[in-house]
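So the chains spell out like this:
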Amino acid sequence: MTSEESGPRPERRDTPAAEVAEAGTPVEALRASGEVFSRAARRSGEEAQAVFEAMTGGGSLGATLPVRLADLYRAQAFLWTGAGFAAGEAIGRAVPGFSPAVRGVLSQRALVLGVIAADLWTGYAALRERARWFPWLVRDEDWSLQHRRGAARVLDAALGLGGTLIKAGQFASTRPDLLPAAYTETLSRLQDRVAPQSWPAIEGAVSREIEGPLSGAFRSFEPEPIAAASIAQVHRAVLADGRPVAVKVQYPGIERLMEADLSALEGIFGAISRLEPSVGLAPILEYLRWTLPLELDFVREAQAIGKLGRALGERGDVAVPAVVKGLNTKRLLVMELAEGVKITDREALIRAGLDPKEVARLLVDAYAEQIFRRGVLHADPHPGNLLARPGPDGPVLVLLDHGLTVDVPESLSDALRGTILALEEGDLDALTAGLERAGLRLGPEVDLETLLGIVGVLLGGEERSEGGGNVGELGLKLGASVGSIPVELLLMGRAIGLIDGITRQLDPELDTVGIVARYARG
């Protein structure tokens, strides 16, 4: 189960902790805190340079100079205060014996989030009040600087704290109706890949789940992971009976850590909504509350793998690595080891004898079948979870990581079917009706540009209008035209958007709508 090209790797047996470079040492603790301060120093320089460039480029070295420098000073004070708390939190996670149940570490995370929230709110509040009383001191560049500064703060927090914050940032990047374009563009760079946890921590976690030493169940177990994400990491191993497997191990205490993060976000979002009623961040929290429990439950994931495998079992061009029974728990998942090439690595695909265009067509075809015919969807198809390998009749698509593999309600499938067909036929009324059946509450004055923008947000595609309109302006129109969006629709929309992005990399000319419409017609 890897995103690299297949090939033999030397077998490694259980390794003593002293032989593995690990977190949990004073050196690693210092390195973790040093990364926080290094990131803050880099960000400090970038923000100072941005302010200088905005002033010199716009010829505004007069009255706006003192207030912009004051804005920068205030932001820098928050930046370094937050960096101090973040460094303390990073050290707390790096020292031996760390558990997210430790109140001090959890409070440090809450403090980091609180400082960022205070930084963002005071920045926007200061600009708003200044524009109200001294409008000549606020220009478009000031709002742009604040948006970019705020987006950078959120990105750095997600990178530093990981876990819930990465997932929140990834989701927020798909919602131009909630956030300015600077935020969605910056947060779109987030990947659900983090530094792995130490081998002793993982070895202990596996031993607890199997209720015994690793040697009792595995002939070998590689200490170095082949993938590490925000909830778990995956290791190669060989079972006692000789079968090679991929072992997904949940990080010790991650469930409590994420619950603490959600509680902190709930308090912060609540405070922001009271201070700024027009800012609607609740959908982000709702999405996390709905999806995180799914990803944390490996027993449910094992069931989802079996269901998707049976649904696609007749296809020889799609592979779902099966669960290996006997060792699985809520925090440990053992699966067949799958090899292949990361789907977005064009050069590696070609070296493996695969045509990227054929892979793109297979990708769209497989997901259209899941949505419209099978009623179950692998809803987290980012490039790290999709491999391709040569098969007897062409490429084979390998689907990995099924924490977000979910059932597709028939009502939602039918609504999307109507939406796709209306989009293909250019039927505005049918498109509106399809979106409303999918659960959207549209305003009475929705125009064609806004409707196409909604389709872009939910079903992938360009978020820029045909007339070249600004993404931020479109986001504001969407926010004013769309009420709450069901979480199930958002999850499916994010999956379709990811597929669309991959397809554009592999074959920009592929008629995606045509393939999907074929399945939509039945």
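In this text the structure is predicted, and so the values were computed from the model without any measurement.

(A) Quick look at the packing of aromatic side chains. Summed over all chains, the structure comprises five aromatic pairs. When the ring of Phe134 is compared with that of Trp136, the centres are 5.8 Å apart and the planes differ by 85 degrees; the resulting orientation is edge-to-face. On the basis of relative accessibility, which here comes to 43%, the residue Phe134 falls in the partly exposed class. Judged by relative accessible area, Trp136 falls into the exposed class, the value being 56%.

(B) Fine view of the nonpolar core. If you look at the biggest cluster of nonpolar residues, it comprises 130 residues, and the most contacted ones within it are Val206, Phe218, Val247, Ile284, Leu386, Leu397 and Leu399. Sorting elements by how many residues they give to this core places helix α12 (residues 356-374) first, with 10 residues. When near neighbours in sequence (up to four residues on either side) are disregarded, Leu386 contacts Val341, Lys342, Ile343, Leu363, Tyr367, His378, Pro381, Leu397, Val398, Leu399, Ile499 and Ile502.

(C) Structural context of the pattern of salt bridges. Tallied over the full model, the rule gives 31 salt bridges. A salt bridge links Asp407 to Lys307; its shortest N-O distance comes to 2.8 Å. Remark: Lys307 occurs in helix α10 (residues 298-311) and Asp407 occurs in strand β11 (residues 405-407); sequence separation between them is 100 residues. Take Asp407: its relative accessible area is 48%, and that puts it in the partly exposed class. Accessibility expressed as a relative area gives 36% for Lys307, which makes it partly exposed. Glu424 is paired through a salt bridge with Arg521; the nearest N and O atoms lie 2.8 Å apart.

(D) Broad picture of α10. Between its terminal C-alpha atoms α10 stretches 20 Å, which fits the 20 Å expected from 14 residues at 1.5 Å a residue. Turning to α10, its buried residues are Phe298, Arg300, Glu301, Ala302, Ala304, Ile305, Leu308 and Ala311. N-capping of α10 is provided by Asp297, with a side-chain oxygen placed 3.1 Å from the backbone N of Val299.

(E) Seen up close, the pairing of strand β9 (residues 386-391). The sheet contact formed by strand β7 (residues 341-342) and β9 spans two bridges and is antiparallel. Its bridge partner lying in β9, Lys342 is registered against Leu387. By the bridge criterion, six bridges tie β9 to strand β10 (residues 394-399) in an arrangement that is antiparallel. The partner of Pro390 across the bridge, within β10, is Pro395. Hairpin connection, β9 to β10: the antiparallel pair is bridged by two residues.

(F) How the structure looks around unusual backbone geometry. One non-glycine residue with positive phi stands out, namely Glu211, at about 60 degrees. Mapping Glu211 onto the fold places it in the loop between α7 (199-210) and β1 (218-221). Given a relative accessible area of 75%, Glu211 falls into the exposed group. Residues other than glycine seldom take positive phi values, yet Asp401 does so here, at roughly 60 degrees. Its place among the elements puts Asp401 in the loop between β10 and β11. For Asp401, a relative accessible area of 18% translates into the label buried.

(G) Summary view of the sheet that holds β9. On the basis of which strands lie adjacent, the open sheet formed by four strands has the order β5-β10-β9-β7 and mixed pairing. Strands with a single pairing partner mark the edges of an open sheet, and in this sheet they are β5 (318-319) and β7. Here β5 pairs with β10 via two bridges, running parallel. Considered in β10, the bridge of Val318 is made with Leu397. Most of the contacts of α12 go to β10, to which it runs at about 50 degrees, and overall it touches β5, β9 and β10.

(H) Layout of the environment of Thr186. On the secondary structure map, Thr186 appears in helix α6 (residues 181-187). The exposure class of Thr186 is buried, given its relative accessible area of 15%. Remark: the alpha-carbon pair of Thr186 and Ala152, spanning 34 residues in sequence, is separated by 7.2 Å. Excluding anything up to four places from it in sequence, Thr186 contacts Ala151 and Leu155.

Reading the values: the criteria
- Residues numbered from 1 in each chain as written.
- Predicted model: local features only at pLDDT ≥ 70, side-chain atom pairs only at ≥ 80, totals over all residues.
- Heavy atoms only, no water.
- Phe/Tyr/Trp six-rings, centres within 6.5 Å; stacked < 30°, edge-to-face > 60°.
- Buried < 20%, exposed > 50% of the residue type's maximum accessible area, 1.4 Å probe, protein only.
- Core = buried A, V, L, I, M, F, W, Y, C linked by side-chain atoms within 4.5 Å.
- Helix = DSSP H or I, 4+ residues; strand = E, 2+ residues; numbered from the N terminus.
- Contact = heavy atoms within 4.5 Å.
- Salt bridge = Lys/Arg side-chain N within 4 Å of Asp/Glu carboxyl O.
- Expected span 1.5 Å × (residues − 1).
- Polar contact = N/O pair within 3.5 Å; in protein donor to acceptor, adjacent residues only side chain to side chain.
- Pairing = 2+ DSSP bridges.
- Axes fitted to C-alpha atoms, helices over the stretch in contact; angles between N-to-C directions.

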